[in-house]
Amino acid sequence: MLVAGRRGSLLLALAALLVAALPLFASNYHLQLASTALVAAMFALSLQLVVGGAGMVSLGHAAFFGIGAYAIHLLPAGISIALTLPAAMALAAIAALAVGALSLRTRGFFFLMTTLAFGQMLFFVFHDTPLGGGKDGVFITRPALELFGLAWEIPRRQRAAAMLWINLGLLAAMYVGLALLMRTLFGRALLGIRGNEDRMRALGYDTRTVKLAAFVLAGALAGVAGHCQAMTEAFVTPEMLAWHHGAEALLMILLGGLGALHGPILGAFAYVGLGEASTLITERQRLVEGLVILAVVLALPRGLAGIGRGWRR
Amino acid sequence: MTALAAEGLTRRFGGLTAVDSVSLTLSVGELHAVIGPNGAGKSTLVNLLAGELRPSAGRILLGGEDVTTWPTWRRARRGIGRSFQRTNLLRDMSAHENARLAAQAAAFGPGRWLRDAGRDAASLAEAARVLERVGLLGRADAVAGTLSHGELRLLEIAMALANRPAVLLLDEPLAGMGPEESEPVGALLRDLARDHALLLIEHDMDVVFAVADRVTVMVDGRVLEHGVPTAIRASAAVRDAYLGHGA
Ligand SMILES: Nc1ncnc2c1ncn2[C@@H]1O[C@H](COP(=O)(O)OP(=O)(O)OP(=O)(O)O)[C@@H](O)[C@H]1O
Ligand SMILES: [Mg+2]
């Protein structure tokens, strides 16, 4: 999996600056839209570690996203983000450990179906149960923005901007962290497994453990994304755990580029932007979206990340 | 010293017994060739020894330890390097990265996971060493998929050599090479046998009789004959069963 080179990284940094500057000129509505894209990018990026990193296609990834979101609902209302975020990660990681330990006994199509089955099971843990609090979702109290006793009180008018910056910061941290991870011995082993798992085993790699570690980390990061969505919208719904939510992230990865770490980020922004643009043009939003995605995927086998030479290693 | 021993190794595929109570020992400093016609069970034997397949019966001892139920990766770590009959490596990666991944496998555990691969001196040095040993250092940066067939076979051997395994299992490393290419590789195998227990699967009789210290002849999964090359060459049974219609 390619990590953006110097020029690509510069472009990504510029794009991040642009997003950070949005509150200077964009409406609250558009700030919220940007947050939606940032959260989607985090979610797709976390899934990319599993799909593009290790070559495992999972359809149950949304479950970890949803668990991260519900962590806020399950914890006492209004406690610090310094507690809710680690808790969201930990809960999602534990769920991913359980799901991964069982489903990584299978590969390929069977892995896909096993993750789907586990994802659906977790969906029904939160769907219309006392734990989840209703099948239509519940409103939550946003975690307090409090770090080491320093509280950040946000006036209502500036909330969208604050959420945007938090989401942007976490996405940037996630991307840089994963880019660094891909350069480590672990990252290289993961790429080896993606390329030829049997050969890696014959070379002496306990590939299942390596894949499980990637799966758990991806789950934890999906938990961060879910937490951020819940925090941004002050709302959680079982739909966050639904398998088609995970399929949407797969689509973003495909759109942005399966072979590049920054692909999911491009894909998420393109996907959210496309959804927004098509609602302006037509009522048959999904149809337009589908056609455009199909066209991009067919015309650009490497996705949006494959455009231009600046993205080469 | 016996590095690897197989005792009564048997493997059935449904009604077919691909390997039928085969016993053999491999010692460091010795090149042990296994020959036999197509379908004799040679690759199956290698896969049993390496752990790719589980035996239906029999035991495998690696350095005196029973490893029969060990998964392939664990045996590899304990000192088995192998190459495949059909070239099997990471074609999208450079020759160097292939060798480096092979080298990196040593002691690859959570404690080492987060090291920078580009600065991990141990695996970089080992990768360079094995590429040098097979004469591929000059092609280190080439993407494996672009290497010639002969170079790929050498890269397979290089990967097997990483981390100095006691046992080398090479399944037809010379397959598909012309005489000019295979001659230096024969010399390389001879050289490797000095500090490894080397099991060589090979079809070319001239090569086998030139390099092997001991030869096992397999037919229909069974060991037909076992001995030094001169004895095998003289054996009437071997000539009938194999050399006759093989060559
Ligand atoms: N996975 C498998 N399932 C079923 N039958 C198998 C399997 N692997 C090998 N066989 C059969 O076992 C027998 C031995 O095969 P093997 O590949 O070990 O022979 P070989 O001596 O390596 O032959 P060659 O010289 O052609 O490489 C063959 O009849 C083959 O068809
Ligand atoms: Mg064979």
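Residues numbered from 1 in each chain as written. Chains lettered and ligands numbered in written order. Predicted model: local features only at pLDDT ≥ 70, side-chain atom pairs only at ≥ 80, totals over all residues. Heavy atoms only, no water.

Q: I tried to follow the domain arrangement of chain B on my own but got confused; where do I start?
A: Interface size is commonly expressed as the accessible surface area that is lost when the partners come together. Residue and element names in this part refer to chain B. Domains assigned within chain B are domain 1 (1-79 + 166-247) and domain 2 (90-164). Contacts between domain 1 and domain 2 engage 17 residues on the former and 12 residues on the latter. With both chains or domains summed, domain 1 and domain 2 bury close to 1,200 Å², and 56% of this area falls on carbon and sulfur atoms. Our enumeration of links across domain 1 and domain 2 arrives at 2 salt bridges. Residues Arg133 and Asp191 are paired through a salt bridge, measuring 3.2 Å at the closest nitrogen-oxygen approach. Taken together, the connections running from domain 1 to domain 2 amount to 6 residue pairs in polar contact (both at pLDDT 80 or more). Looking at the side of domain 1 that touches domain 2, the elements that each hand over two or more residues are β7 (167-171) and α6 (179-193). A per-element tally of the side of domain 1 that touches domain 2 places α6 first, with 5 residues. (Domains from an automatic or database assignment. Contact = heavy atoms within 4.5 Å. Buried area = accessible area lost by both parts, 1.4 Å probe. Salt bridge = Lys/Arg side-chain N within 4 Å of Asp/Glu carboxyl O. Polar contact = N/O pair within 3.5 Å; in protein donor to acceptor, adjacent residues only side chain to side chain. Helix = DSSP H or I, 4+ residues; strand = E, 2+ residues; numbered from the N terminus.)

Q: Just checking my understanding: could you explain the pattern of salt bridges for this structure?
A: Pairs can form between side chains of opposite charge once their charged atoms are near each other. All chains considered together, the criterion is met by 22 salt bridges over all chains. The shortest N-O distance in the salt bridge between Arg222 of chain B and Asp20 of chain B comes to 3.5 Å. Of this pair, Arg222 of chain B sits in strand β10 (residues 222-227) while Asp20 of chain B is found in strand β2 (residues 16-27), placing the two residues 202 residues apart along the sequence. For Arg222 of chain B, a relative accessible area of 45% gives the class partly exposed. Look at the salt bridges and you will find they share partners, linking Arg107, Glu197, Asp198 and Lys211 of chain A into a network. (Buried < 20%, exposed > 50% of the residue type's maximum accessible area, 1.4 Å probe, protein only.)

Q: What should I look at first to understand the coordination of the magnesium ion (ligand 2) in this one?
A: Reference values for angles at a metal are 109.5 degrees in the four-donor tetrahedral case and 90 or 180 degrees in the six-donor octahedral case. Each protein donor to the magnesium ion (ligand 2) is listed here as Ser43 of chain B (OG) and Gln85 of chain B (OE1); together their distances run 1.9 to 2.0 Å. In this pair, Ser43 of chain B sits in helix α1 (residues 42-50) while Gln85 of chain B sits in the loop between β6 (80-83) and α3 (95-104), placing the two residues 42 residues apart along the sequence. (Donors = N, O, S within 2.8 Å, 3.2 Å for Na, K, Ca; no water.)

Q: Would you explain the confidence of the model for chain B in this entry?
A: Low pLDDT marks regions whose predicted coordinates should not be analysed in detail. Mean pLDDT over chain B stands at 92; residues scoring 70 or higher make up 98%. The ipTM value of the predicted complex is 0.93, and its pTM value is 0.93. (pLDDT = per-residue confidence, 0-100.)

Q: Whenever I open this one, the sheet that holds strand β3 (residues 30-35) of chain B confuses me. Can you help?
A: To summarise the sheet geometry, strands pair through backbone hydrogen bonds and adopt either a parallel or an antiparallel arrangement. Residue and element names in this part refer to chain B. Spatial strand order, β6-β7-β8-β3-β9-β10: 6 strands in an open sheet with mixed pairing. Here the strands that pair on one side only, and so sit at the sheet edges, are β6 and β10. The average angle at which neighbouring strand axes cross in this sheet is 15°, direction not considered. Two elements, β3 and strand β8 (residues 197-201), share 5 bridges in a ladder whose sense is parallel. Across the sheet, the residue bridging to Ala33 is Leu200, located in β8. Here helix α2 (residues 72-79) sits on the sheet in contact with β6 and β7, set at roughly 115° to β6. (Pairing = 2+ DSSP bridges. Axes fitted to C-alpha atoms, helices over the stretch in contact; angles between N-to-C directions.)

Q: How should I be thinking about a nonpolar patch on the surface in this particular structure?
A: All names here are of chain A. Together, Leu74, Leu91, Ile94, Val125 and Leu131 line one region of the surface with nonpolar side chains, adding up to about 410 Å² of accessible area. If you trace the backbone, Leu131 turns up in the loop between α5 (108-126) and β1 (138-139). Since its relative accessible area comes to 41%, Leu131 is described here as partly exposed. (Patch = residues over 30% accessible without salt bridge, like charges linked within 9 Å, V, L, I, M, F, W, Y side chains within 5 Å. Areas by Shrake-Rupley, 256 points an atom, 1.4 Å probe, with all protein chains shown as cover.)

Q: Before we go on, may I ask you to explain the sheet that holds strand β5 (residues 65-66) of chain B in this structure?
A: Residues and elements named next belong to chain B. Read across the sheet, 4 strands follow the order β2-β1-β4-β5 without closing on themselves; strand pairing throughout is antiparallel. Among the strands making up the open sheet, the edge pair consists of β2 and β5. The strands touched by α1 are β1 (2-13), β2 and β4 (57-62); relative to β1, the strand with the most contacts, the crossing angle is about 120°.

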